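Chain residues, written in single-letter form:
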Amino acid sequence: MTPARPNMRYFFYGTLLDAEVRAWILGRRAASIPARLAAYRRVYLRGRVYPVAVPARAASVAGLLVDGLDRAAAARLRDFESDEYVEAVRPVTLATGAVPGARVFLAGRCARPTDRAWDIETWQRLHKAAFARRLRAPIALSRPC
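Since the structure is predicted, the reported quantities are computational estimates derived from the model, not experimental observations. (Residues numbered from 1 in each chain as written. Predicted model: local features only at pLDDT ≥ 70, side-chain atom pairs only at ≥ 80, totals over all residues. Heavy atoms only, no water.)

### Quick notes on the nonpolar core
Right, on to step 1. Formed by 44 residues in total, the largest nonpolar core has its most connected members in Y10, F11, Y13, L37, L69 and L77.
Right, on to step 2. With eight residues, strand β3 (residues 51-69) is the largest single contributor of residues to this core.
Right, on to step 3. In this structure, F11 is in contact with A35, R36, L37, V61, A62, G63, L64, L65, V92, A102, R103 and V104, ignoring residues within four places of it in sequence. (Core = buried A, V, L, I, M, F, W, Y, C linked by side-chain atoms within 4.5 Å. Buried < 20%, exposed > 50% of the residue type's maximum accessible area, 1.4 Å probe, protein only. Helix = DSSP H or I, 4+ residues; strand = E, 2+ residues; numbered from the N terminus. Contact = heavy atoms within 4.5 Å.)

### Regarding the confidence of the model for the protein
When pLDDT drops low, the exact placement of atoms in the prediction is not to be read closely.
Right, on to step 1. Averaged over all residues, the pLDDT of the protein is 89; the fraction at 70 or higher stands at 90%.
Right, on to step 2. Element-level mean pLDDT values for the protein span from 88 in helix α4 (residues 128-136) up to 98 in helix α3 (residues 120-126).
Right, on to step 3. Every residue in residues 1-5 scores below 50 in pLDDT, and together they form one contact with partners more than four places removed in sequence or on other chains. (pLDDT = per-residue confidence, 0-100.)

### Digging into unusual backbone geometry
Right, on to step 1. The phi angle at A39 is positive, at roughly 70°, despite the residue not being glycine.
Right, on to step 2. Residue placement: A39 occurs in strand β2 (residues 33-45).
Right, on to step 3. What makes A39 partly exposed here is its relative accessible area of 33%.

Shown next as structure tokens:
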């Protein structure tokens, strides 16, 4: 008997909103659906060009739901994220009203969030090129606290 392949669902709200970055990290193109994460807001991490989602009662974060990821893709995601993040399961809202549980990387013990809102368009314009060079370099992306 062959073990069942996991079908993991993730919510992305930062640099993984960019289709190219998502494909680099996941190892393939993956279909996505617009979704929202309630009771969080997206802000810059101190000294970084990428965001973190932090609790905020009256806010929500727009992002993408990607379903059907396997263990290899999930492992690449965990390698991509640093100690600044912790993986958790949270409900997200789709346009259809469905609220599936999705894995999301939230502020972890090493995160130092700012109050400054982050957006993908600014990141793509100002930081994507340098980020892409780092992704292609043979160095680890994870940083210790």
